[in-house]
Structures are given as C-alpha cells and as structure tokens.
Amino acid sequence: MRISLTHQRSSTEDLSIMVDLLRASTTITVALDKFKKVIPAESVSEALEISKETGGLLAGERGGETIKGFIGNSPLQIQDYNGETLILTTTNGTRILKSLKSKALIGSLINARAVARAAVELANNEIEIIMAGVNGRFAIEDFLTAGEIIYYLRDYELDEFAKAAMIAAHDKRIVDDMILNSSSALKLKKLGFFEDVKFSIQRNISKNVPIYNGKLIKKYKI
Ligand SMILES: O=C(O)[C@H](CS(=O)(=O)O)OP(=O)(O)O
Ligand SMILES: [Mg+2]
C-alpha cells in the first residue's frame with residue numbers, strides 16, 4: 001500500500017483522506033454524532049439551495065467569520081444542534097472535498113487512529129492524504145495532523161512528503177505549540193474561536209470516520 005501526501009490537489013482514483021484540522025474536518029467529525037449526514041456546499045448560494053430542498057441546518061464561515069444566518073464552522077457550536085442533515089460550507093475544507101474524484105475520508109486529530117484504520121480497510125493500493133491549506137497556502141496545522149495520521153500508516157510505503165510530515169509530528173508538545181500559534185489559530189483566537197482550536201488538538205476522542213461519496217458525508221461503519 002502506497003501512502004502519499006499532497007497539498008490541495010488530488011490525483012488518486014483510489015482513496016483520499018482530506019485533512020483540514022481548523023476546523024472543517026473536526027467540525028464534520030463531531031457533527032456526525034448529532035446529524036445523520038453532512039452535505040458540503042461549494043458556495044453560500046449552493047448551501048441555501050440545498051437547505052431549501054432538504055430542510056437541513058446551515059453552517060459555515062468565510063475567513064473564519066460565521067456566515068449571517070448560519071451556525072459557525074465550529075466543533076463546539078455544532079454540539080448544541082441535531083437533526084437529519086447539516087449543510088456545511090467553509091473557506092477551504094468543503095471546497096477541497098467538492099474537487100475530489102475519489103472517495104474520501106475526513107481526517108483530524110480527534111479521529112486520527114480511526115480514520116487511518118478505515119483507510120487501510122477501504123483502499124486498494126493507495127491512500128492519498130490531502131492537506132486543505134488556507135486559500136491555497138500551506139497550513140502547518142494540516143501538515144502536522146497529516147503527520148499524526150501517517151504515523152498509524154508507518155508500516156506501509158510512504159512517499160517522502162509523507163515521511164517528512166510524520167517526522168515533523170513526532171513530538172506532541174511541539175505539535176501542540178505549533179498549532180496553537182499557527183496563523184489559522186491566531187486568526188480564530190481574534191474571532192473568539194480559540195476554544196475550537198483547543199478542542200481540535202485532542203487526540204482520538206472520536207471513533208467517527210466521515211466518508212464522502214461525492215455528494216454527502218456519512219459515518220463509515222468500520
Ligand atoms: O473556519 C475555519 O476555521 C477556517 C477559516 S480560514 O479560512 O482558515 O480562515 O476554514 P476551514 O475551511 O475550516 O479551513
Ligand atoms: Mg482550515
């Protein structure tokens with residue numbers, strides 16, 4: 001089994017793991033405790049359209065700021081709601097998902113071990129971990145989260161980018177410090193969402209493995 005790491009773009013037809021630690025991946029993983037499915041939307045107008053059709057609850061942000069009339073892209077806020085369908089549109093994570101041509105799991109730190117296990121079950125020959133980044137730029141929190149997920153896949157054939165991420169994520173104290181002081185985290189802190197950041201760096205508190213089939217996200221049954 002080959003394990004590759006990429007930034008934003010996917011090339012595999014096999015299995016991807018989309019990683020957007022702050023906050024889409026963490027929000028989606030938590031949301032599946034409260035909603036049967038999550039539908040990612042590319043734009044606000046698409047989200048509103050889907051909500052009209054499905055009656056789903058609207059959540060999302062742009063640049064971290066909650067969209068007017070939506071609930072936030074917040075793993076903490078989402079816990080106060082429940083229902084059939086959550087419609088989520090975010091600056092990076094849902095946009096990356098909508099660009100994928102392969103089936104995709106959604107990885108974070110709260111489900112790192114579970115998502116790695118599920119990926120091995122589902123993939124034929126390749127697991128590609130895609131870092132969402134921020135507006136096309138590299139995001140250290142996604143790199144380090146990918147490294148922690150790759151650690152659970154270390155016995156397979158890692159490409160050099162994957163090896164670099166795994167080595168970078170070796171010391172959890174350094175990882176936490178880098179994430180808590182990342183530009184994404186400091187932006188969220190300014191917007192009043194620092195509790196979301198602290199929630200997002202917990203390890204393996206969830207067994208939820210979100211799987212995206214090109215239309216919607218459900219819980220993968222390991
Ligand atoms: O909502 C978030 O935390 C981020 C905001 S930003 O675009 O990184 O400023 O969006 P996400 O799509 O979850 O990375
Ligand atoms: Mg992000």
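This text goes with the structure placed above it.
Everything numeric here is computed off the predicted structure, so don't read it as measured data.

**Q** Before we move on, can you summarise the overall build of the protein chain with the specific residues and values?
**A** When you go through the protein chain residue by residue, the secondary structure sums to 9 helices and 11 strands. A globule of 222 residues ought to have a C-alpha radius of gyration of about 17 Å, and the protein chain, at 16 Å, matches this closely. For the C-alpha atoms alone, the extent of the protein chain along its principal axes is close to 45 × 35 × 30 Å. The contacts of the protein chain with a sequence gap of at least 6 include a subset with a gap of at least 24, amounting to 77%. In the protein chain, the 30 positive side-chain charges and the 27 negative ones have mean positions that sit 4 Å from each other.

**Q** How would you sum up the coordination of the magnesium ion (ligand 2)? Please name residues and give values.
**A** Tetrahedral coordination by four donors puts the ideal angle at the metal at 109.5 degrees, and octahedral coordination by six puts it at 90 or 180 degrees. For the magnesium ion (ligand 2), the full set of protein donor atoms is Asp20 (OD) and Leu22 (O), at a range of 2.0 to 2.1 Å. The two residues aspartate 20 and leucine 22 agree in class, both being buried.

**Q** Now, about the packing of helix H5 (residues 140-151) against helix H6 (residues 160-168): what can you tell me, with residues and values included?
**A** Orientation of H5 relative to H6, taken along the N-to-C sense of each, is 95°, at an axis distance of 7 Å. For the element pair H5 / H6, the angle class is roughly perpendicular. Contact with H5, carried on its side by Phe143, Leu144, Gly147, Ile150 and Tyr151, involves Phe161, Ala162, Ala164, Ala165, Met166 and Ala168 of H6 and no other residues of that element.

**Q** Mind laying out the pairing of strand S1 (residues 2-7), listing which residues take part and the relevant values?
**A** When S1 meets strand S8 (residues 126-131), the two strands line up parallel, connected through 6 bridges. Directly across from histidine 7, in S8, lies its bridge partner methionine 131. Sheet topology note: the S1/strand S9 (residues 157-158) ladder contains 2 bridges and is parallel. Looking at S9, one finds that isoleucine 3 is bridged to leucine 158.

**Q** Outline the packing of H5 against helix H7 (residues 172-180), supporting the account with residue identities and numerical values.
**A** Look at H5 against H7: their axes get within 9 Å of each other, and the N-to-C directions meet at 155°. Relative to H7, the element H5 lies roughly antiparallel. Read as a crossing pair, H5 and H7 show a hand that is left-handed. Residue-level contacts link Ile140, Glu141, Leu144 and Glu148 of H5 to Lys172, Val175, Met178 and Ile179 of H7.

**Q** Which residues make up the side chain of threonine 145, and what values do they have?
**A** Secondary-structure assignment places threonine 145 in helix H5. Given the relative accessible area of 0%, threonine 145 is considered buried. Reaching out from threonine 145, the side chain makes a polar contact with the backbone oxygen of glutamate 141 at a distance of 2.7 Å.

**Q** Describe helix H4 (residues 112-122), listing the residues and the values that go with them.
**A** Residues of H4 that are buried include every one of Ala112, Ala114, Val115, Ala116, Ala118, Ala119 and Leu122, and no others. Contact partners of the buried residues in H4: strand S2 (15-19), strand S7 (103-107), S8, H5 and strand S10 (210-212).

**Q** Quick rundown of empty space enclosed by the protein? Include the residues and the values.
**A** On inspection of all chains with the given rule, the structure shows 1 cavity of 30 Å³ or more. Its volume calculated, the largest cavity comes out at about 170 Å³. Lining the largest cavity are 16 residues, and of these Leu22, Glu61, Gly64, Asn92 and Lys187 sit closest to its centre. Partitioned by chemical class, the residues of the lining of the largest cavity number 4 nonpolar, 8 polar and 4 charged.

**Q** Can you break down the environment of glycine 93 residue by residue, with the values?
**A** Along the chain, glycine 93 turns up in helix H3 (residues 93-99). What makes glycine 93 buried here is its relative accessible area of 0%. On a C-alpha basis, the gap between glycine 93 and leucine 22 in space is 9.0 Å, while along the polypeptide they are 71 residues apart. With near-sequence residues (within four places) excluded, glycine 93 lies in contact with Met18, Asp20, Ala24 and Ala132.

**Q** Would you mind going over the packing of aromatic side chains in detail, with residue names and values included?
**A** In this description, an aromatic ring pair is defined by two values, namely the gap between the centres and the angle between the planes. Counted according to the given criterion, the structure contains 3 aromatic pairs. Ring centres of phenylalanine 143 and phenylalanine 161 lie 6.0 Å apart, and the angle between their planes is 35°; this geometry places the pair in the tilted category. Placement of phenylalanine 143 in helix H5 and of phenylalanine 161 in helix H6 is noted, with a sequence separation of 18 residues between them. In this structure phenylalanine 143 comes out as buried when scored by relative accessible area, which is 12%. A connected cluster of aromatic rings, assembled from ring pairs, spans Phe138, Phe143 and Phe161. Above the ring of phenylalanine 193, the side-chain terminus of arginine 23 is found at 4.4 Å from the ring centroid.

Reading guide: rules and limits
- Residues numbered from 1 in each chain as written.
- Chains lettered and ligands numbered in written order.
- Predicted model: local features only at pLDDT ≥ 70, side-chain atom pairs only at ≥ 80, totals over all residues.
- Heavy atoms only, no water.
- Helix = DSSP H or I, 4+ residues; strand = E, 2+ residues; numbered from the N terminus.
- Rg over C-alpha atoms; globule rule 2.2 N^0.38 Å.
- Contact = heavy atoms within 4.5 Å.
- Lys, Arg positive; Asp, Glu negative; His and termini not counted.
- Charge placed at Lys NZ, Arg CZ, Asp CG, Glu CD.
- Donors = N, O, S within 2.8 Å, 3.2 Å for Na, K, Ca; no water.
- Buried < 20%, exposed > 50% of the residue type's maximum accessible area, 1.4 Å probe, protein only.
- Axes fitted to C-alpha atoms, helices over the stretch in contact; angles between N-to-C directions.
- Parallel < 35°, antiparallel > 145°, perpendicular 65-115°, else oblique.
- Pairing = 2+ DSSP bridges.
- Left-handed = near helix turned anticlockwise from the far one by under 90°.
- Polar contact = N/O pair within 3.5 Å; in protein donor to acceptor, adjacent residues only side chain to side chain.
- 1 Å grid on protein atoms, 1.4 Å probe; cavity = no way out; pocket = protein on both sides within 12 Å on 5 of 7 lines; lining within 4 Å.
- Points joined across faces, edges and corners; volume = space filled by probe spheres on them.
- Nonpolar A, V, L, I, M, F, W, Y, C, P; charged D, E, K, R; others polar.
- Phe/Tyr/Trp six-rings, centres within 6.5 Å; stacked < 30°, edge-to-face > 60°.
- Lys NZ or Arg CZ within 6 Å of the ring centre and 35° of its normal.

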